[in-house]
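# Report on the structure
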Amino acid sequence: MFNKDTLKNEVILITGGGSGLGLSMAKKFAELGADIAICGRTEKKLITATETLKEFGTEVRWYSVDVREYDSTGNMINQIIKDFGKLTGLVNNAAGNFLSASEDLTPGGFKAVVDIVLHGSFNCTHHFGNYLIKKKEKGNILNIVTTYAEDAGSAFVLPSACSKAGVLAMTRSLAYEWGTYGIRLNAIAPGPFPTEGAWTRLFPTRKFEKKYLEKIPAGRYGEHEELANLAAFLLSDMAPYITGECVTIDGGEKLSGGQFNFIDSIMSRGKLKMAFKMLRMKK
Ligand code: HXC
């Protein structure tokens, strides 16, 4: 489906692209021919990531920025346009998250996550959108949210749940409002994909990690390549009519709330089938 020119002529900015899923997406986009801009707060990470990305042969540059700062993100986007001549795509990937009982949150803790996730995504989107609209150029924005952004929210990650729900609302609101300018916005809602950033903050022990796995029908965590492929597809010319969508990629985890799903955990599938037969015979 993809080839080395699938994203040729694209210049894509990936926030938080120096590590984790951001870097995996950047690698995939570079492999498919895109020029890459990555940004983040830690220069060392960005420099190392840039070296790796250059191996794919396209132009790669890094920018040190805190996405929480509106003016700094604006300056960065202007600089990217100067350096590359244009900007065609943005992936709002930078995130912050930690586990906490909500009653123990401080206003500063709540604000830190909302500032990174919601304000950070708005800041980059607002500057990039204005550039595209003024230049009368088409463009693509992809927002990385979570499965709990959509309906249920999630206990113990309140700032993240509130922020990601906001980013999803922004995706859909702007997909409609900016559709007329040829700007597409989509979102990906990943389930658990192992990254150092998420794992060290969200899985305090191996026991947590193992228990979590029981919720996933696919019986495994996600592979970075799987998410990167989906991101490349949504940003490419293969998906010109898809906008305002949120694609879940979680091995079925999100479906675990089904009313009778739990009975699978009481007994084995074989015993369950026998029980169903007995119930039928009793009628
Ligand atoms: C409670 C905490 C806390 C914790 C920080 N704070 N860590 N509160 N529990 N574990 C509070 C601090 O007390 C402070 O509030 C405020 O947050 C800011 O803390 P700083 O450390 O000064 O902020 P900063 O250095 O900017 O760090 C931001 C951060 C941090 C969000 C707190 O975790 C971070 O930089 N994260 C970036 C990477 C990341 O989180 N990746 C995971 C994303 S995974 P006060 O009030 O004391 O000033 C993800 C996917 C989820 O989002 C789905 C997975 C299945």
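As shown above, the structure is provided for reference.
Now for a look at the structure at hand. (Residues numbered from 1 in each chain as written. Predicted model: local features only at pLDDT ≥ 70, side-chain atom pairs only at ≥ 80, totals over all residues. Heavy atoms only, no water.)

### Here we look at the overall build of the protein
Definition in use: Only DSSP runs of H or I covering at least 4 residues are called helices, and only runs of E covering at least 2 are called strands; the numbering of each starts at the N terminus. When we talk radius of gyration, it's over C-alpha atoms, and the globule rule is simply 2.2 Å times the number of residues to the 0.38. The cut-offs for exposure are 20% and 50% of the maximum accessible area for each residue type, with area from a 1.4 Å probe on protein chains only; residues under the lower value are buried, those over the upper are exposed, and the others partly exposed. Two residues form a contact once any of their heavy atoms are found within 4.5 Å. Shrake-Rupley sampling with a 1.4 Å probe provides the accessible areas, and residues are treated as covered by the protein chains on show and by no other component. For the purpose of charge, His is not counted, nor are the chain termini; Lys and Arg are scored as positive and Asp and Glu as negative. Think of each charge as sitting on NZ of Lys, CZ of Arg, CG of Asp or CD of Glu.
The helix and strand tally for the protein stands at nine helices and seven strands. For 283 residues, the compact-globule estimate of 2.2 N^0.38 gives 19 Å, and the C-alpha radius of gyration of the protein, at 21 Å, lies within 12% of that figure. Projected onto its principal axes, the C-alpha positions of the protein cover 75 × 45 × 40 Å. Expressed as a percentage of the 283 residues in the protein, the buried residues total 46%. The contacts in the protein between residues at least 6 apart in sequence include a share of 73% that link residues at least 24 apart. Counting only carbon and sulfur atoms, one obtains 55% of the accessible surface of the protein, whose full area is about 15,300 Å². With 35 positive and 30 negative side-chain charges, the protein shows a spacing of 7 Å between the two charge centroids.

### Notes on the side chain of Glu253
Among the structural elements, Glu253 can be located in the loop between strand E7 (246-249) and helix H9 (269-282). Here Glu253 is in contact with Thr147, Gly191, Pro192, Tyr212, Lys215, Ile216 and Pro217, once residues within four sequence places are set aside.

### Topic: the site of the ligand
To keep things clear, this is the line we draw: One heavy atom within 4 Å of a molecule or strand makes the whole residue count as near it. A 3.5 Å cut-off defines polar contacts: any pair of N or O atoms within that distance qualifies, except that in protein one atom must be a possible hydrogen donor and the other a possible acceptor, and neighbouring residues in sequence count only when both atoms are side-chain atoms.
Neighbouring the ligand are 17 residues; Arg41, Arg68, Asn97, Thr106 and Arg201 lie closest to it. Taking Asn97, its main chain carries an N or O atom lying 2.9 Å from an oxygen atom of the ligand. Between Gly109 and the ligand, the recorded distance is 3.3 Å, taken from a backbone N or O atom to an oxygen atom. Bound to the protein, the ligand loses 60% of the 1,100 Å² it would expose on its own.

### With respect to the pairing of strand E4 (residues 89-92)
As a reminder of what qualifies: What makes two strands pair is DSSP finding at least two bridges between them. If you view a crossover with the strands going away from you and the path from the first strand over the helix to the second runs clockwise, you call it right-handed.
Side chains Gly89 and Val91 project from E4 onto one buried face, and the interleaved Leu90 and Asn92 project onto a second face that is buried too. Bridge analysis of strand E1 (residues 11-15) against E4 gives three bridges, and the strand direction is parallel. Bridging across to E4, Ile14 finds its partner in Val91. The parallel pair E4 and strand E5 (residues 139-144) is bridged by helix H4 (residues 107-135), and the resulting crossover is right-handed.

### A few points about H9
Threshold: Here a helix's expected span is defined as the number of its residues, less one, multiplied by 1.5 Å.
With 14 residues, H9 ought to run about 20 Å at 1.5 Å a step, and its terminal C-alpha atoms sit 20 Å apart, in line with that. Little of H9 is tucked away, with one of its 14 residues classed as buried.

### Description of the packing of helix H1 (residues 20-31) against helix H2 (residues 43-54)
Our working rule: Interaxial angle, 0 to 180 degrees, is taken between N-to-C directions of lines fitted to C-alpha atoms, where a helix line uses only the stretch in contact. Note on terminology: angles under 35 degrees are roughly parallel, angles over 145 are roughly antiparallel, angles of 65 to 115 are roughly perpendicular, and the others are oblique. Crossing chirality is assigned from the near helix's rotation relative to the far helix, an anticlockwise turn below a right angle marking it left-handed and a clockwise turn marking it right-handed. Side-chain classes follow a simple rule in which Ala, Val, Leu, Ile, Met, Phe, Trp, Tyr, Cys and Pro form the nonpolar group, Asp, Glu, Lys and Arg form the charged group, and the remainder, Gly included, forms the polar group.
Two elements in contact, H1 and H2, have axes separated by 10 Å at closest approach and are oriented at 25 degrees. The orientation of H1 relative to H2 falls into the category roughly parallel. Read as a crossing pair, H1 and H2 show a hand that is right-handed. Of the residues in H2, those touching H1 at Leu23, Ala26, Lys27 and Ala30 are Ala49, Thr52 and Leu53. When its residues are assigned to classes, the contact of H1 with H2 shows five nonpolar, one polar and one charged.

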